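Analysis of the macromolecular model
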Amino acid sequence: MTRADPPLARRRFLQLAGSVAAGAVGAAPATTPAWPQAYPARAVRIIVPFSPGGAVDIIGRIVAQKLSDALGGQWYVENIPAGATNVANAMTAKSPPDGYTILFVTSSFVINPSYYRKIAYDPIKDFVPITLTATSPHVLSVNLEMPVTTVKQLIALVKANPGKYSYASAGTGQSAQLAAELFKLAYGLDIVHVPFNGGVPAMAATIGGHTQISFNALPSAASFIKDGKVRPLAMTSRVRAAEFPDVPTFAEEGVPDQESAFIVGMVAPAGTPRAIIDPLNHELRRIIAMPDVKEKLNFIGYVAETDTPDEFAARLKAEIEMWAKVIRDAKMQKVE
């Protein structure tokens, strides 16, 4: 099969993703930027747009505690789990740009502008990026009864039986679904999407054979893979996940241009002074590089990964463009 070069937005994303080896934590600048005097002078709110107890909430609380330990004052998490992260995003965009409101963002931040007809914020104009904090690849798995052990075998099976097979994801408009649609578009595959309310129910459906295939972020799939309840075929990361060294990447399977990840990062309202953003970036990169933090992230299925504010801004822009193209090409219906 002859495949065209990836489009510009995709090439930009791959270049950015490749600038830091997967799983690496970007080194903090050698010179520590100076903090503004008396910062923080009061409590700093860290908004997490998910319910307590989830992976992003755990990351948020780890970071909040480490910032409190390092900088003093109170850095606290406020959970706002509403509107597929849109409520928290809009609230942060309207907050004073004084360094006392920080938002954790995920892949929804770069998907929602194209997936929803209207959102009450602009992800580029209304925010200033601080840093990426963690990433997790998507994993393609199949039911144990499926007669395939490689991605190419799955492609051949689906092509021979268009419309027969279905895949489960954590929900419509989630990053794992878009990773699946990117895969389908690349090879012209007719696989029915069956969305679930979360990654665990999606994995349960594949284990039970209700859907033969699943695309999920690694944290949702990890325990089922370890227990041998599904057969993982490939990861969307550039290199193999340290936790699953026997699971190849799509590229290793001879299926290129499928790199993607569920991202977790931090932004602040537009207008927040660089005198706060730059030293905060430096401190966060130091925190994320701590062995105990990296270990905790690995335990919940994430890889510690950081960058500069400008690098994170470029990555967000590239991912917005990449996922917008997938949504258009897959003819996904926009949501009100």
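Remember, predicted model here, so these are calculated numbers, not experimental data.

Things to note about the overall build of the protein chain
- The helix and strand tally for the protein chain stands at 11 helices and 10 strands.
- Taking 2.2 N^0.38 as the reference for a compact globule, 336 residues should give roughly 20 Å; the C-alpha atoms of the protein chain span a radius of gyration of 20 Å, in line with that estimate.
- Across its three principal directions, the C-alpha atoms of the protein chain cover 65 × 40 × 35 Å.
- A fraction of 79% describes how many contacts in the protein chain between residues 6 or more apart in sequence connect residues 24 or more apart.
- Total accessible area on the protein chain is roughly 13900 Å²; 55% of this is exposed by carbon and sulfur atoms.
- Of the charged side chains in the protein chain, 32 are positive and 29 negative, and the gap between their average positions amounts to 4 Å.

Some details on the nonpolar core
- Counting 35 residues, the largest nonpolar core has Ile59, Trp75 and Phe104 as its most contacted members.
- Mapped by element, the contributors of at least two residues to this core are strand S1 (44-48), helix H2 (55-71), strand S2 (75-79), strand S3 (101-106), strand S4 (127-142), strand S9 (261-269), helix H9 (274-288) and helix H10 (291-299).
- If sequence neighbours within four positions are ignored, Ile59 has contacts with Phe104, Thr133, Ala134, Val264, Leu297, Ile300 and Tyr302.
- By size, the runner-up hydrophobic cluster in this structure holds 27 residues, among which are Ala90, Tyr115, Phe127 and Ile320.

Section: the layout of surface pockets
- Here the largest pocket defines a volume of roughly 860 Å³.
- The element best represented in the lining of the largest pocket is helix H4 (residues 107-115), accounting for 3 residues.
- Among the residues forming the lining of the largest pocket, the class breakdown is 17 nonpolar, 16 polar and no charged.

Observations concerning the confidence of the model for the protein chain
- In the predicted model, the protein chain carries a mean pLDDT of 91, and the fraction of residues at 70 or more is 90%.
- Of the regions scoring below 50 in pLDDT, residues 1-23 engages in 41 contacts with residues more than four places distant in sequence or in other chains.

What about empty space enclosed by the protein?
- Across all of its chains, the model carries 1 cavity of 30 Å³ or more by this definition.
- Here the largest cavity defines a volume of roughly 40 Å³.
- When the residues that make up the lining of the largest cavity are grouped by side-chain class, the tally is 5 nonpolar, 4 polar and 2 charged.

Structural notes on unusual backbone geometry
- Pro40 follows Tyr39 through a cis peptide bond whose omega is 0°.
- Tracing the backbone shows Pro40 in the loop between helix H1 (8-18) and S1.
- In this model, Ala84 sits at a positive phi of 55°, which is unusual for a non-glycine residue.
- With respect to the helices, strands and loops of the structure, Ala84 is situated in the loop between S2 and helix H3 (86-93).
- Even without a glycine there, the phi angle at Asp257 is positive, about 60°.
- Along the polypeptide, Asp257 turns up in the loop between strand S8 (231-235) and S9.

Remarks on the pattern of salt bridges
- In total, this model carries 15 salt bridges according to the counting rule given.
- One salt bridge in this structure joins Asp98 and Arg42, with 2.9 Å as the shortest N-O distance. Taken as a pair, Asp98 in the loop between H3 and S3 and Arg42 in the loop between H1 and S1 lie far apart in primary sequence, 56 residues in all.
- Across the pair Arg274 and Asp310 runs a salt bridge, and its minimum N-O distance is 3.6 Å.

Details of the packing of helix H6 (residues 175-187) against helix H11 (residues 309-329)
- Orientation of H6 relative to H11, taken along the N-to-C sense of each, is 60°, at an axis distance of 10 Å. As H6 runs across H11, the sense of the crossing is left-handed. From H6, Leu178, Ala179, Glu181, Leu182 and Leu185 reach across to H11, where they touch Trp323, Val326, Ile327 and Asp329.

Some details on the environment of Gln153
- By the element assignment, Gln153 lies in helix H5 (residues 151-160).
- As for Gln153 and Leu233, which are separated by 80 residues in sequence, their C-alpha atoms are 10.0 Å apart.

About the cut-offs
- Residues numbered from 1 in each chain as written.
- Predicted model: local features only at pLDDT ≥ 70, side-chain atom pairs only at ≥ 80, totals over all residues.
- Heavy atoms only, no water.
- Helix = DSSP H or I, 4+ residues; strand = E, 2+ residues; numbered from the N terminus.
- Rg over C-alpha atoms; globule rule 2.2 N^0.38 Å.
- Contact = heavy atoms within 4.5 Å.
- Areas by Shrake-Rupley, 256 points an atom, 1.4 Å probe, with all protein chains shown as cover.
- Lys, Arg positive; Asp, Glu negative; His and termini not counted.
- Charge placed at Lys NZ, Arg CZ, Asp CG, Glu CD.
- Core = buried A, V, L, I, M, F, W, Y, C linked by side-chain atoms within 4.5 Å.
- Buried < 20%, exposed > 50% of the residue type's maximum accessible area, 1.4 Å probe, protein only.
- 1 Å grid on protein atoms, 1.4 Å probe; cavity = no way out; pocket = protein on both sides within 12 Å on 5 of 7 lines; lining within 4 Å.
- Points joined across faces, edges and corners; volume = space filled by probe spheres on them.
- Nonpolar A, V, L, I, M, F, W, Y, C, P; charged D, E, K, R; others polar.
- pLDDT = per-residue confidence, 0-100.
- Salt bridge = Lys/Arg side-chain N within 4 Å of Asp/Glu carboxyl O.
- Axes fitted to C-alpha atoms, helices over the stretch in contact; angles between N-to-C directions.
- Left-handed = near helix turned anticlockwise from the far one by under 90°.

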